[in-house]
Amino acid sequence: MAKSQKKEEILSILSQIQENPTTEEAIALVANFLFASEEQVCELAALALGESRLDAAFATLKSWWEQTKNVELSRTGLLAIAMLRNEPAFEFLILLIVNGKYVDAKNAIAALSIYQNDLELWKRVRQAVEQRGDIRLLQEIDIES
């Protein structure tokens, strides 16, 4: 299947998710594309799941993120998790800032930076960075702010 056909199929499934946001089957269909051989297709699938804002997509995205070895896909996975806009996703990212590898913490901050205007959430991000105590991440948060 050509890359453009895969993208069209993902967009079609995403449309189904938006029309019927409780469709677990649609999540499973999009999740299949997370493991495609083309990086762009994986990214599109991850972002589609994040954009769905479905609670059920969190476990799928988290599991995929934990398995991916590609730095770019890892970054996209954290952004997709942030895009879910739910407490389990936010809590996962906050804990990653506190306890995760430096690169993952940095990418979690970048993913959550889309919510800088949510003062309560950004306060939690800042507290997580301060709790970790890594000067490099403190500088990152000042750059993002």
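Here the structure is a predicted model, which is why all the values come from computation and not from measurement.

## What about the packing of aromatic side chains?
Thought 1: Following the criterion strictly, the structure yields 3 aromatic pairs and no others.
Thought 2: On the basis of an interplanar angle of 80° and a centroid distance of 5.6 Å, the ring pair of W65 and F92 is categorised as edge-to-face. With W65 in helix α4 (residues 57–67) and F92 in helix α6 (residues 87–99), this pair connects stretches of sequence that are 27 residues apart. For the pair W65 and F92, one class covers both residues: buried.
Thought 3: Between F90 and Y115, the ring centres sit 5.4 Å apart and the planes meet at 75°, which makes this aromatic pair edge-to-face. Placement of the pair is F90 in helix α6 and Y115 in the loop between α7 (102–112) and α8 (119–132), with a sequence separation of 25 residues.
Thought 4: Using a relative accessible area of 8% as the deciding quantity, one classes Y115 as buried.
Thought 5: The cationic tip of R136 hangs over the ring face of Y102; the distance from NZ or CZ to the ring centre is 3.8 Å.

## Focus on the pattern of salt bridges
Thought 1: A complete count under the given rule lists 5 salt bridges for this structure.
Thought 2: Measuring nitrogen to oxygen at the nearest pair gives 3.0 Å for the salt bridge that ties E66 to K62. Of this pair, E66 and K62 both sit in helix α4, 4 residues apart, which is roughly one turn of that helix.
Thought 3: With a relative accessible area of 45%, E66 lands in the partly exposed category.
Thought 4: Between E72 and R75 there is a salt bridge; the shortest N-O distance is 2.7 Å. Here E72 and its partner R75 are both found in helix α5 (residues 71–83), 3 residues apart, which amounts to about one turn of the helix.
Thought 5: For E72, a relative accessible area of 38% puts it in the partly exposed group.
Thought 6: For R75, a relative accessible area of 33% corresponds to the partly exposed category.

What counts, and at which threshold
Residues numbered from 1 in each chain as written. Predicted model: local features only at pLDDT ≥ 70, side-chain atom pairs only at ≥ 80, totals over all residues. Heavy atoms only, no water. Phe/Tyr/Trp six-rings, centres within 6.5 Å; stacked < 30°, edge-to-face > 60°. Helix = DSSP H or I, 4+ residues; strand = E, 2+ residues; numbered from the N terminus. Buried < 20%, exposed > 50% of the residue type's maximum accessible area, 1.4 Å probe, protein only. Lys NZ or Arg CZ within 6 Å of the ring centre and 35° of its normal. Salt bridge = Lys/Arg side-chain N within 4 Å of Asp/Glu carboxyl O.

What is shown is where atoms sit, not what they do.
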